[in-house]
Structure formats: C-alpha cells, structure tokens
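# Summary of structural features
Here is what each chain is made of, one letter per residue.
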Amino acid sequence: MKYEVIAFWSEKGKDGMVCVKKNGVIIDSEISPNRMTENQFLSWRKAKSLAFIHKYDIDIKEVDLALVK
C-alpha cells in the first residue's frame, strides 16, 4: 500500500487542507480551521499529518509528504 499525505495551501485565501491518499485514492481530509499565516499553516499541517498517520496506523517510512501551493 502506498500512502501520501498532501497539504494544499492558498496564499490568496490564507487557508488550506491536508488529505491522505491510499493507493492514489483520497481516503480522508480536513480543511484548516480558519485563516492563518503560512507559518501557522505549516505547524497545523505537521500536527494534522501526524494525526492521520496515527489514525490509519501508517508506517511513517512509507509516507510521502507533499505541499502544494
């Protein structure tokens, strides 16, 4: 199984989301809770990514992390 944790950041909207893909299919996602700076989003992204990794019991060595702007 191939997992990806992808974060999308909108500079214009000052918001973003994190999603988890398993074998190319999105299985879970969450939109950032409110407008924030990019640095705040990066901290939130790290916490949310780790929460998804824990929730789906994913071996962190098997995860590709990506940030799309």
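Note that the structure is a prediction, hence the values are computed from the model and not measured.

## Things to note about the confidence of the model for the protein
Looking at the protein as a whole, the pLDDT averages 88, with 97% of positions reaching at least 70. Summarising per-element confidence for the protein, the mean pLDDT is lowest in strand β4 (residues 63-68) (72) and highest in strand β3 (residues 25-31) (96).

## Observations concerning the side chain of Asp 28
Tracing the chain through its elements places Asp 28 in strand β3. Separated by 2.9 Å, the side chains of Asp 28 and Lys 55 make a polar contact.

## Looking at the pattern of salt bridges
Taken as a whole, this structure holds 4 salt bridges when the rule is applied. Two residues, Glu 4 and Lys 21, come together in a salt bridge whose shortest N-O distance is 3.8 Å. In this pair, Glu 4 is assigned in strand β1 (residues 3-10) and Lys 21 in strand β2 (residues 15-22), connecting sequence segments 17 residues apart. With its nearest N and O atoms 2.8 Å apart, the salt bridge here joins Lys 48 to Glu 30. With Lys 48 in helix α1 (residues 38-55) and Glu 30 in strand β3, this pair connects stretches of sequence that are 18 residues apart. Residue Lys 48 is classed as buried on the basis of its relative accessible area of 17%.

## Quick notes on the pairing of β1
Across 8 bridges, β1 lies against β2 in antiparallel orientation. Residue pairing across strands places Ser 10 opposite Asp 15, the latter belonging to β2. Hairpin connection between β1 and β2: a loop of 4 residues separates the two successive antiparallel strands, and Lys 14 in this loop has a positive phi of roughly 55 degrees.

## Comments concerning the nonpolar core
Counting 13 residues, the largest nonpolar core has Val 18, Phe 41, Ile 58 and Val 63 as its most contacted members. Looking at this core, the elements that each hand over two or more residues are β1, β2 and α1. The residues touching Ile 58, leaving out its near neighbours within four places in the chain, are Tyr 3, Val 20, Phe 52, Ile 53 and Val 63.

Rules used throughout
- Residues numbered from 1 in each chain as written.
- Predicted model: local features only at pLDDT ≥ 70, side-chain atom pairs only at ≥ 80, totals over all residues.
- Heavy atoms only, no water.
- pLDDT = per-residue confidence, 0-100.
- Helix = DSSP H or I, 4+ residues; strand = E, 2+ residues; numbered from the N terminus.
- Polar contact = N/O pair within 3.5 Å; in protein donor to acceptor, adjacent residues only side chain to side chain.
- Salt bridge = Lys/Arg side-chain N within 4 Å of Asp/Glu carboxyl O.
- Buried < 20%, exposed > 50% of the residue type's maximum accessible area, 1.4 Å probe, protein only.
- Pairing = 2+ DSSP bridges.
- Core = buried A, V, L, I, M, F, W, Y, C linked by side-chain atoms within 4.5 Å.
- Contact = heavy atoms within 4.5 Å.

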